[in-house]
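Listed here are the chains, written in short residue letters.
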Amino acid sequence: MTASRVAESLLALSQQEELVDLPKNHPLSVSEDEEDSDRERKHQKLLEAISSLDGKNRRKVAERSEAGLKVSEFNVSSEGSGEKLVLADLLEPAKTSSSPSLATVKKQLNRVKSKKTVRLPLHKEEVERILRELAFNKTSQVLSKWDPIVLKNRQANQLVFPLEKEQSAFAPIEHVLSGWTARTLLEQKVFNLLHKNKQPVTDHFLTPMEKASLKAMSLEEAKMHQAELQRARALQSYYEARAQREKKIKSKKYHKIVKKEKAKKALKAFEQLGKVNPTVALEKLEKARIMERMSLKHQNSGKWAKSKVIMAKYDLEAHQAMQEQLSKNKELMQKLQIALESEEEERGPEEVEELLIPGVVNKVQMNADGPNPWMLSSCTQDSREAETHEDLEELPEPVAHEVSESEVDEGPVAEEEILLKEFEEWRSLRRRSELSQDAELVGSQETKESSSQEKLSELRAPSQRFKENHQSWKPKASPTGTVPQAHREEPSLEEEEPLLLQRPKRVQTLEELEELEKEECSQSQEFFRPGLEGQQLERNPNNLSNAPKEKKKKEQMLDLQNLLTTKSPSVRSLAVPTTLKEVDDEEERDQKQMIKEAFAGDDVIKDFLKEKRDTIEASKSKDMDLTLPGWGKWGGMGLKPSAKKRRHFLIKAPGPPRKDKNFPNVIINEKRNIHAAAHQVQVLPYPFTHHSQFERTVQTPIGSTWNTQRAFQKLTTPKVVTKPGHIIKPIKAEDVGYWSSSRSDLSVMQRYPKQLSMSHKKQLKKNSVD
Amino acid sequence: METAPKLGRDVPPKKDKLQAKRKKPRRYWEEETAQSAAGASPGPPSNKKRNQELRPQRPKNTHILKKSRISKKLQVPKKPRERKNPESQRSLSGAQDPFPGPAPVPVDVVQKFCRIDKSKKLPRCRSKTRNRLKVAETEEEETSVTAARSELLLAEEPGFLEGEDGEDTAKILQADIVEAVDIASAAKHFDLNLRQFGPYRVNYSRTGRHLAFGGRRGHVAALDWVTKKLMCEINVMEAVRDIRFLHSEALLAVAQNRWLYIYDNQGIELHCIRRCDRVTRLEFLPFHFLLATASETGFLTYLDVSVGKIVAALNARAGRLDVMTQNPYNAVIHLGHSNGTVSLWSPAVKEPLVKILCHRGGVRAVAVDSTGTYMATSGLDHQLKIFDLRGTYQPLRARTLPQGAGHLAFSQRGLLAAGMGDVVNIWAGHGKASLPSLEQPYLTHRLSGPVHGLQFCPFEDVLGLGHSGGITSMLVPGSAEPNFDGLESNPYRSRKQRQEWEVKALLEKVPAELICLDPRALAEVDVISLEQKKKERIERLGYDPEAKTPFQPKPKQKGRSSTASLVKRKRKVMDKEHRDKVRQSLEQQQQQQEQQQQQQHKQEKAKPMRARPSALDRFVR
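All values derive from a computational prediction rather than experimental measurement. (Residues numbered from 1 in each chain as written. Chains lettered and ligands numbered in written order. Predicted model: local features only at pLDDT ≥ 70, side-chain atom pairs only at ≥ 80, totals over all residues. Heavy atoms only, no water.)

## Quick look at the overall build of chain A
- Tallying secondary structure elements over chain A gives 32 helices and five strands in all.
- Counting every position in chain A, which comprises 770 residues, the buried fraction comes to 22%.
- Element-wise, carbon and sulfur atoms account for 57% of the exposed surface of chain A, whose accessible area totals about 59,700 Å². (Helix = DSSP H or I, 4+ residues; strand = E, 2+ residues; numbered from the N terminus. Buried < 20%, exposed > 50% of the residue type's maximum accessible area, 1.4 Å probe, protein only. Areas by Shrake-Rupley, 256 points an atom, 1.4 Å probe, with all protein chains shown as cover.)

## Quick look at the overall build of chain B
- Tallying secondary structure elements over chain B gives 15 helices and 28 strands in all.
- Out of the 621 residues in chain B, the part that is buried amounts to 44%.
- Long-range pairs, those at least 24 residues apart, make up 47% of the contacts in chain B between residues at least 6 apart in sequence.
- Carbon and sulfur atoms make up 52% of the accessible area of chain B, which amounts to about 35,900 Å² in all. (Contact = heavy atoms within 4.5 Å.)

## Here we look at the interface of chain A and chain B
- Facing the 73 residues of chain A at the interface are 94 residues of chain B.
- Interface of chain A and chain B: buried area, both sides summed, is about 7,700 Å²; carbon and sulfur atoms make up 58% of it.
- The interface formed by chain A and chain B includes five salt bridges.
- One salt bridge connects B:Glu142 with A:Lys714, and the closest N-O pair in it is separated by 2.7 Å.
- Scanning the region where chain A abuts chain B turns up 21 residue pairs in polar contact (both at pLDDT 80 or more).
- Broken down by secondary-structure element, the contributors of at least two residues to the side of chain A that touches chain B are helix 9 (208-248), helix 24 (560-565), helix 25 (585-598), helix 26 (604-619), strand 4 (666-668), helix 28 (674-677), helix 29 (691-697) and helix 30 (709-715) of chain A.
- The biggest single contributor to the side of chain A that touches chain B is helix 29 of chain A, with seven residues.
- Its residues assigned to classes, the side of chain A that touches chain B shows 37 nonpolar, 27 polar and nine charged.
- Pairing between strand 4 of chain A and strand 17 (residues 354-357) of chain B: three bridges, direction antiparallel. (Buried area = accessible area lost by both parts, 1.4 Å probe. Salt bridge = Lys/Arg side-chain N within 4 Å of Asp/Glu carboxyl O. Polar contact = N/O pair within 3.5 Å; in protein donor to acceptor, adjacent residues only side chain to side chain. Nonpolar A, V, L, I, M, F, W, Y, C, P; charged D, E, K, R; others polar. Pairing = 2+ DSSP bridges.)

## With respect to the pattern of salt bridges
- By the definition in use, this model includes 26 salt bridges over all chains.
- In this structure, A:Arg242 and A:Glu246 form a salt bridge, with 3.5 Å as the shortest nitrogen-oxygen distance. Of this pair, A:Arg242 and A:Glu246 both sit in helix 9, separated by four residues, roughly a single helical turn.
- The partner of B:Asp242 in a salt bridge is B:Arg201, and the shortest N-O contact between them spans 3.2 Å.

## Describing the sheet that holds strand 18 (residues 363-368) of chain B
All names here are of chain B.
- The sheet built from four strands is open, its strands ordered 18-19-20-21 with antiparallel pairing. Strands at the two margins of the open sheet, each flanked by one partner only, are strand 18 and strand 21 (395-400). Taken over all neighbouring pairs, the strand axes of this sheet differ in orientation by 15 degrees on average, direction set aside. (Axes fitted to C-alpha atoms, helices over the stretch in contact; angles between N-to-C directions.)

## Side note on the packing of aromatic side chains
Residue and element names in this part refer to chain B.
- Going through the model one piece at a time under the given rule, you end up with nine aromatic pairs over all chains.
- With a centroid separation of 6.4 Å and an interplanar angle of 35 degrees, the aromatic rings of Phe190 and Trp225 are classed as tilted. Pair noted here: Phe190 is in strand 1 (residues 190-193) and Trp225 is in the loop between strand 4 (219-224) and strand 5 (229-235), with a separation of 35 residues, a long-range link. Both residues of the pair, Phe190 and Trp225, count as buried.
- A connected cluster of aromatic rings, assembled from ring pairs, spans Phe190, Tyr204 and Trp225.
- Between Arg493 and the ring centre of Trp501, over which it is positioned, the NZ or CZ distance is 4.7 Å. (Phe/Tyr/Trp six-rings, centres within 6.5 Å; stacked < 30°, edge-to-face > 60°. Lys NZ or Arg CZ within 6 Å of the ring centre and 35° of its normal.)

## Observations concerning the sheet that holds strand 28 (residues 470-475) of chain B
Residue and element names in this part refer to chain B.
- The antiparallel open sheet is built from four strands, whose spatial order is 1-28-27-26. Edge strands, defined here as strands with exactly one partner in the open sheet, are strand 1 and strand 26 (451-456). Averaged over all adjacent pairs, the angle separating strand axes in this sheet is 15 degrees, with direction ignored.
- Note that strand 26 and strand 27 (residues 462-467) share five bridges and pair antiparallel. From the neighbouring strand, Val451 faces strand 27, where its bridge partner is His467.

## Focus on a positive patch on the surface
Residues and elements named next belong to chain A.
- A contiguous patch of positive charge, built from Lys252, Lys256, Lys260, Lys264 and Lys268, is present on the exposed surface.
- Summarising the element assignment, Lys260 is placed in helix 10 (residues 252-276).
- Lys260 sits in the exposed class, given a relative accessible area of 62%. (Patch = residues over 30% accessible without salt bridge, like charges linked within 9 Å, V, L, I, M, F, W, Y side chains within 5 Å. Lys, Arg positive; Asp, Glu negative; His and termini not counted. Charge placed at Lys NZ, Arg CZ, Asp CG, Glu CD.)

## Here's the deal with the pairing of strand 8 (residues 259-264) of chain B
Residue and element names in this part refer to chain B.
- Judged by how many residues are buried, strand 8 sits mostly within the fold: six of six residues are covered.
- Across the two faces of strand 8 the burial is the same, with Trp259, Tyr261 and Tyr263 and Leu260, Ile262 and Asp264 all buried.
- With five bridges connecting them, strand 7 (residues 251-256) and strand 8 associate as antiparallel partners. Looking across to strand 8, one finds that Val254 is bridged to Tyr261.

## Here's the deal with the confidence of the model for chain B
Residue and element names in this part refer to chain B.
- Of all residues in chain B, 84% attain a pLDDT of 70 or more, and the chain-wide mean is 84.
- Low pLDDT, under 50, characterises residues 1-23; the stretch is placed with nine contacts to residues that sit more than four places away or in other chains.
- For the stretch residues 30-88, pLDDT sits under 50, and the model shows 53 contacts to residues farther than four places along the chain or on other chains.
- Per the prediction output, this complex has pTM 0.56; the corresponding ipTM is 0.77. (pLDDT = per-residue confidence, 0-100.)

## Some thoughts on a nonpolar patch on the surface
Residues and elements named next belong to chain A.
- Judged by side-chain polarity, Leu85, Val86, Leu87 and Leu90 come together as a nonpolar surface patch covering roughly 370 Å² of accessible area.
- Positionally, Leu87 belongs in helix 3 (residues 87-97).
- Exposure remark for Leu87: the relative accessible area of 35% places this residue in the partly exposed category.

## Focus: helix 11 (residues 278-295) of chain A
All names here are of chain A.
- Here helix 11 spans 25 Å end to end across 18 residues, near enough to the 26 Å set by a 1.5 Å rise per residue.
- When helix 11 is considered as a whole, its buried residues turn out to be Ala281, Leu282, Leu285, Arg289 and Glu292. End-on view of helix 11: buried residues confined to an arc of 105 degrees, all on one side of the axis. Summarising the geometry of helix 11, the exposed residues directed more than 90 degrees from the buried face are Glu283, Lys284, Lys287 and Met294.
- At the exit of helix 11 stands Leu296, carrying a positive phi of roughly 55 degrees. (Expected span 1.5 Å × (residues − 1). Arc of directions from axis to C-beta.)

## Examining the nonpolar core
Residues and elements named next belong to chain B.
- With 37 residues, the main nonpolar core has Leu300, Tyr302, Ile333, Leu335, Ile356 and Met375 as its most contacted residues.
- Every residue in contact with Met375, bar those within four places of it in the chain, is listed here: His334, Val342, Ile356, Cys358, Val366, Ala367, Val368, Lys385, Ile386, Phe387, Leu389 and Phe410.
- With 32 residues, the next largest nonpolar core counts Ile172, Val202, Ala221 and Leu465 among its residues. (Core = buried A, V, L, I, M, F, W, Y, C linked by side-chain atoms within 4.5 Å.)

## Brief notes about the pairing of strand 2 (residues 200-204) of chain B
All names here are of chain B.
- Burial analysis of strand 2 places five of its five residues in the buried class, the great majority of the element.
- Neither face of strand 2 is left uncovered, since the one carrying Tyr200, Val202 and Tyr204 and the one carrying Arg201 and Asn203 both have all their residues buried.
- Adjacent in sequence and paired antiparallel, strand 2 and strand 3 (residues 210-215) are bridged by five residues, among which Gly208 carries a positive phi angle near 80 degrees.

## Concerning the side chain of B:His210
- Positionally, B:His210 belongs in strand 3.
- Once you skip the residues sitting within four places of it in the chain, B:His210 turns out to touch B:Asn203, B:Tyr204, B:Ser205, B:Leu223, B:Asp224, B:Trp225, B:Met231, B:Phe245 and B:Glu249.

## Considering the UniProt feature "repeat: WD" (unreviewed entry) in chain B
- The sites that carry the UniProt feature "repeat: WD" (unreviewed entry) are, in the present numbering, residues 356-390 of chain B.
- Summarising residues 356-390 of chain B: 0% helix, 57% strand, and an end-to-end C-alpha distance of 13 Å. (UniProt positions renumbered as here; feature names shortened; annotations may be inferred.)

## Focus on the environment of B:Gln266
All names here are of chain B.
- Tracing the sequence through the fold places Gln266 in the loop between strand 8 and strand 9 (269-277).
- Sequence separation between Gln266 and Leu230 is 36 residues; the distance between their C-alpha atoms is 9.8 Å.
- Among the polar contacts made by the side chain of Gln266, one reaches the side chain of Asn265 at a distance of 3.5 Å.

## Here we look at the side chain of B:Asn327
Residue and element names in this part refer to chain B.
- Looking at the element boundaries, Asn327 is found in the loop between strand 14 (323-326) and strand 15 (333-336).
- Judged by relative accessible area, which is 3%, Asn327 ranks as buried.
- Side-chain polar atoms of Asn327 contact the side chain of Asn330, separated by 3.0 Å.
- Contacts of Asn327, omitting those with residues within four sequence positions, involve Val332, His334, Val368, Asp369, Gly372 and Leu389.

## Topic: unusual backbone geometry
- Geometrically, the link from A:Phe161 to A:Pro162 is a cis peptide bond, its omega value of -5 degrees lying close to zero.
- In this fold, A:Pro162 is placed in the loop between strand 1 (159-161) and helix 7 (173-178).
- With a phi angle near 60 degrees, B:Ala331 is a residue other than glycine that sits in the positive phi range.
- B:Ala331 sits in the buried class, given a relative accessible area of 6%.

Here is the structure:
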């Protein structure tokens, strides 16, 4: 070991020597005595080295020597001299001598001077880290190119492998046909025909003649079109140039003149318009007014106006301008009234004319063409009012006008009567009004649908005149749909008929009518009475007859009793099956009675309700009672925790309300079907976060039972299709349309880190500097 | 519009001259192009007009589906085609497609096939999920459009009987109908006089081609009723309660006095199932291969005929069962009981799914229509009622019959037949599967004996009636579905086809436990177990992986990211969340209090005011 060390040091020493005399290419004039001393020193060194071999004081620091063991690599130690060695000192002799031979040396020295020192190389680990980072960046950048493709492939409905597709060559039909000749007789014949008529054989739409004609015509047309276009373009350019020129004119005077001219023109045009088409002109004015009101342009609100306001105190002109603006504003705002006045003035003569014509005529006219009906209506109102007054006078009496619909219906009828028999019928009319009040009563009752039998019968009993009213009311009310169904079933046609007959004959005395109707009414009474009564009888025991039917409808959902005994709306269907023997109402009633008696013993409803209650109780989850008797209070025999405490510590069982809560006739089992649940999906697949989302995607069936064949095939296409017998190669840049650089990028990535390109090296350097 | 004068013959001569002056060349195709320009002008109004002409019923419904592909598909692709270049549109012959684009599909038909319930609002979802949903929706639209297009193939239309104005169809006799219809249809009306072996029960096979009937006194026969070819005829020397075809016409189940027997179409006894004893009614569920039997002992037994095992035997606890029917929509069995209730059963649940109180007296007959929407019941109280089966189970129509109906049956198109004594009444609604109105019978028929069994024949306008005098096949126009699915139930299938169908049907057999009220429940997620699993997972992991991550403030630049400020920001967010929570809970408490107060108010109102409590009350024992 030690020997080798010594050898090393020796070697280093010899190297040192070489290093020290750096410019060894050219001879240096060194004196001989110096050489001697050098030799001596070396000798001493050698001796020391040898002596140090004994192992006692091996690591003895050398005293001072230029090429010692402990000399650093880079700079010459200047221990002995005590002052730094400067390059200039070394060059002193060279300067003084200024021999041409030294010029080269000088140059070289200068070059050395200009060169900067090389920086310390970085640690190996650091370099590696930087390289890694760089490589990562580069690679990820290269790979990011594939992101869209990956995404596309992931979202694709179907992937087909192998990727490269054979381009199915679509040979154009001309090519196909060119090599084809007519062989058979028929073909030849057909081609002969085609050729004879100069029909296109291969690909052309048009025959040569057609083509020629098309060409010829199209040229002509094209020329015309071109000329037109040219003209238009030229005109446009002229216009543009002119506008440009005019725009560039800076003279205020000129602009003033132009403005004035324009204003004059506008005024003229307006006047013309006013003469020709006054309404349009008026509209224009109106529009201007509206614009003014909207924008307030002339109310000193603009930028210019505001500046003028400031100036107005001192500047008379500015003041004037402002005033002008305001006046203009006023003018614009007022314009309408003036216009209207003028309009009215214009209309003046017309009105004079109109005055000559009776008011009734001009009323219509005014309404028809007057510009503002609101303004003009006032004059006509009086006449109208008068008319209405007249109407009122014509009307028979205020009593008949009271409220009920029936009377409105009868209004005209009453009118007729009065017109025809004013004196005779006065009394009867009075009576009728009373009756109509009765009818009103009935009507209200019926709309309420109380359908109380007694009242009906009462009303029917005293006078049959009522029936007339009743009938007249009936057909009107039925379309409203509020009439109970039992009533609707009444043969309204039969009742309507006499009414229809009556209308023209109404002039006759009422007594006659009564007589006429007696029979029918009695019939109809019979007709619908039993049905109603049957219903009533049935319901009375259930205490339901008094309640209005509207409420009943709601109750139907709730009242079980009612539910089971609901009468069909069509108990009395008009057409009883022919083969069935007709059952009279009485018989039916008897039957019902019998049924009721038969089932009187077993109370089905009660049993059912009890069962329901039991099942509800059984299925209810129990509340949790966490009260501790004696906690915080005295406990013991006979002492119970307070209600407040119990309430506080009672945890109520959660749960949705029962499905059959509102249906008294139903018990729905709330238990979960575990067997079916085993077939259901229990874990949500990946992208879904809520079960409803997933459910939506599986709601459409994909089986062939529910779909057409094509849809079924489309829905069940496999995700990946491979061609049997083909090698599936990894995806290449060419496959997806990256033709150029991506491949080299990839290859770079593969070659790394052995060789880095120049640019990479540069980057590396930059990084290391930072 | 512009071209109108050009096309017209009677154009004023002046104009003609003008044209001549300008020497506008007339091309050989000019008329055509003019027409095409008029027809396919890009101006929207004319286009619209044509659309309207093509499908007059569209504009009413378009607004419903404006967004969807159906309308898009119809209109959008047409425009770009027109815009591209008119030349490409022209075919070699120069003729133009007068109806460009895909054929229009009526929207209401498409709507019929749409199954996604879009009324439900979804919670907010990620873009990925949204994509999936979108894909599902487009798929649904495409499939429904194709399905709607294939409606075209259903060429047959249902017939119907319509009286001349004012004429009552119920008065039309069978003889009249037979006279009016063609020979083939007339042959479908026949009577079998079998007075010897008592009242008959009848059953048609699923294809509607075969008829089996069993008489009370042991007569069992099966025949191809269209050709009248007898398949088998035996006497089992025992009372026959009911008879039913199994999945195909090759197998027959007969409920005899003691046990249930299965015969093949030769009349050879294949099985005697002694576990089903004293069976009164049979019902076969074709998609589950289940034979449901109701017995005198009160048991409802499900027999899987594909494996021969009894799937479930349920005790109805309601005494003797002799009223049974199946809901063809969801394969739920309806039993009628003597206490006026109808109970709904599934083999997976030991208790009735639903119990409905229908009548004051016992239930005599039950029938469910093919869509599973309506149930008709008749009871001893002589009432005939129609119930809504869509969750409410409330009566929709009711009517008292003079004699009460002993047997009920719905046809495929929703006609309701009721046998009352020796009279059969048939009621019809308006349109397919609509509620039959009970006011006026559509048809009536009187038989030679009291009715004992009735069933509408599938795919034929025929009602089969078994009575004490034999069998009657009655013509009921408009009762059956006119179009059959050849793959599902083909009346004209050969033996080979039947065998193939059998294999397919067995492969697609639905497990018995899937029978429940809502057959679409399988497309739903089992929420309860989902929640349970989530909870378990959280417990297992010790944290909620789907929980919201706590707020982590982002570091800020320029020295504002000091630790103190970070903490402050974190605190701020935390406090806000806390405040929200507190606010919510407070609101809830308030609501609860209000509810309680209301309840108390009610109670107080209900109770009369008591005297004030005295101090001595505490000594009261």
